[in-house]
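This is what each chain is made of:
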Amino acid sequence: MFVLAAIGSAVGLGNIWKFPYLAGQHGGGAFVLIYLVSVAVIGVPIMIAEILIGRRGRGSPINSLRTLAVEEHRSVRWAWLGGMGVVTGFLILSYYSVIGGWTVAYVLRSAAGTFEEASSDAVAAAFNAFVDSPTELALWHTVFTVMTMFVVARGVRGGLERAARYMVPALFVILLLLVGYAAASGSFADGFAFLFALDFARVSGAAVLAALGQAFFSLSLGMGAIMAYGAYLPREVSIARSAVQVAVADTLVALLAALAIFPIIFANGLDPSVQSVALAFIALPLAFGHMPGGTVFGTLFFVLLVFAAWTSAISIIEPAVAHMVERWEMSRRRASLLAGAGVWLLGLGTVLSFNRWSEYTWFGRTFFELIDFATSNVMLPLGGLLIALYAGWVMRREASAGELALSPAGYATWRGVIRYVTPFAMLLVLLQASGVLRLG
Ligand code: PHE
């Protein structure tokens, strides 16, 4: 159940919408390689740390961090790390819900047969007209926020966690089908080469920063979402094995999505780097529009994507709602209503950033890009740095060793990485993000 719930949190828009377009923007192969290394070397050790803290603290992230800090006679201010996660989740959901709304809208569009035999120009034009309309985006953003907060208010996470049991495998099967279609599209080799051919000239500081931020985002790390779920993990289950399972499943879904999308992009003569956030919303409808039974499969696919986004959205805001309930002793319903209202309001900024405000930029970024950058590239890595310091330096060896129950060599590796490698890498990343360091 834990692994399923964590996969439900990890697999979402990050895998199918974000990963492919980031890979497109950052030149493909180099980005993908840095991403895979980040998942293995930084993502998995931090996921282990988050589950470890959650399971030992047995509470919301803020409470777990406080409990364990007290246990080690350290400052209770470590609880602020949980507070930062609450804020980060709030910010992420504000735009996640806007994109989640796109997926809901695309269920209806596919079902209506809008994409049948449509040309790439027509599909792109339909997307552009869609994001050009603030009212339409606001409408679907509202629908998605209400869906999310409705489930959070009832606290029926169990039902959705169980949904992950069918949803993730079903998503997998349709993705495989799409990859099969992409393979037959004539440009599979181009797509494959774009994703996996290594061109070190394209490794830039910006690509490293984007890949690492994406690894955190996609694995739901750095803000306490996985920590919150860790509190429910039974003692006898191996933390490290669970972390590896979640990371592998999440990475496979992202790679399959990219393998489905890029060949279609190339087969239609589109440029992957300019499609940006529209990439998945152009490539996938195009593929469905031209395959037998595409209307049915396309609709089913977007339904699954809605579920994937939904289970992630719930985990993004759960730390905030749990905290409001604890801290202000309000009912779950009230807390969800308040959090939802805040998320909705802030999300309007993202809605407008795609149309009315598309010309307004702060630090060269639109409102949406700014929130995305601040969360994925600054706040999640900063959270990761502090979580690593906490697990590696605040918690005693006996505490973490007992909880992890690894072989001596396995434990020594994890501890070495979490104490030295992760903090150092995170520091470089944060310096790069702040502009102090320029790696090209
Ligand atoms: N991992 C989710 C995705 O890829 C997003 C997420 C981020 C979920 C942070 C929880 C916490 O879509």
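What you see as residue numbers is a count from 1 along each chain, following the sequence as written. Local features in this predicted model are restricted to residues whose pLDDT is 70 or higher, and side-chain atom pairs enter the listing and the counts only when it is 80 or higher, whereas totals over whole chains, interfaces and linings include all residues. Think of the side-chain values as coming from all heavy atoms in the structure, minus any hydrogens and water.

Draft legend 1. Just the side chain of Ser187, in detail. Under the scheme used here, helices are H or I runs from DSSP no shorter than 4 residues and strands are E runs no shorter than 2 residues, and both carry numbers assigned from the N terminus. Its place among the elements puts Ser187 in the loop between α8 (157-184) and α9 (188-196). A 1.4 Å probe rolled over the protein chains alone gives each residue an accessible area, and that area as a share of the maximum for its type sets the label: buried under 20%, exposed over 50%, partly exposed in between. The class for Ser187 is buried, based on a relative accessible area of 9%. Not counting residues within four places of it along the chain, the set of residues in contact with Ser187 comprises Pro263, Phe266 and Ala267. Only heavy atoms enter the contact rule, under which two residues are in contact if any of them lie within 4.5 Å.

Draft legend 2. View of the pattern of salt bridges. What counts as a salt bridge is simple: a side-chain nitrogen of Lys or Arg found within 4 Å of a carboxyl oxygen of Asp or Glu. Taken as a whole, this structure holds 8 salt bridges when the rule is applied. Here Arg56 and Glu403 are joined by a salt bridge, their closest N and O atoms 3.3 Å apart. Placement of the pair is Arg56 in helix α3 (residues 29-57) and Glu403 in helix α18 (residues 397-404), with a sequence separation of 347 residues. Accessibility expressed as a relative area gives 28% for Arg56, which makes it partly exposed. Linking Glu72 and Arg396 is a salt bridge whose minimum nitrogen-to-oxygen distance equals 2.7 Å. You can see Glu72 sitting in the loop between α4 (61-71) and α5 (79-111) and its partner Arg396 sitting in the loop between α17 (367-394) and α18, a full 324 residues away along the chain. By relative accessible area, Arg396 is classed as partly exposed at 37%. Each of Arg55, Arg56, Glu71, Arg235 and Glu403 takes part in salt bridges that share partners, so that together they form one network.

Draft legend 3. Molecular detail of the site of the ligand. Around the ligand, a shell composed of 15 residues is seen, among which Ala10, Gly14, Tyr96, Phe217 and Ser220 lie nearest. In the analysis that follows, any N or O atom pair within 3.5 Å is treated as a polar contact, provided that within protein one partner can donate a hydrogen and the other can accept it, and provided that, for residues neighboring in sequence, both atoms belong to side chains. Contact between the ligand and Leu13: an oxygen atom at 3.1 Å from a main-chain N or O atom of the residue. Between the ligand and Tyr96, the relevant distance is 2.5 Å, taken from an oxygen atom to a side-chain nitrogen or oxygen of the residue. Computed on the free molecule, the ligand has an accessible area of 320 Å², of which 100% lies beneath the protein chains in the complex. For the shell around the ligand, the elements supplying multiple residues, two or more each, are α1 (2-10), α2 (13-25), α10 (205-218) and α15 (294-328). Grouping the constituent residues of the shell around the ligand by class yields 7 nonpolar, 8 polar and no charged. When we say a residue is near a molecule or strand, we mean one of its heavy atoms is within 4 Å of it. Note that accessible areas follow from Shrake-Rupley with a 1.4 Å probe, and for residues the cover is restricted to the protein chains shown. Charged residues are taken to be Asp, Glu, Lys and Arg, nonpolar residues to be Ala, Val, Leu, Ile, Met, Phe, Trp, Tyr, Cys and Pro, and polar residues to be all remaining types, Gly included.

Draft legend 4. Just the side chain of Thr366, in detail. As for its position among the elements, Thr366 is in the loop between α16 (332-353) and α17. Ignoring any residue separated from it by four or fewer positions in sequence, one finds Thr366 in contact with Ser353, Ser358, Tyr360 and Thr361.

Draft legend 5. Broad picture of the environment of Ile371. You can see Ile371 is positioned in helix α17. Setting aside its immediate chain neighbours within four residues, Ile371 contacts Leu91, Ser94, Tyr95 and Leu346.

Draft legend 6. Representation of α9. Restricting attention to buried positions, one finds in α9 the residues Gly191, Phe194 and Leu195. Looking straight down α9, one finds its buried side chains confined to an arc of 95°; they lie on one side. Here the arc refers to the set of directions running from the helix axis out to each C-beta atom.

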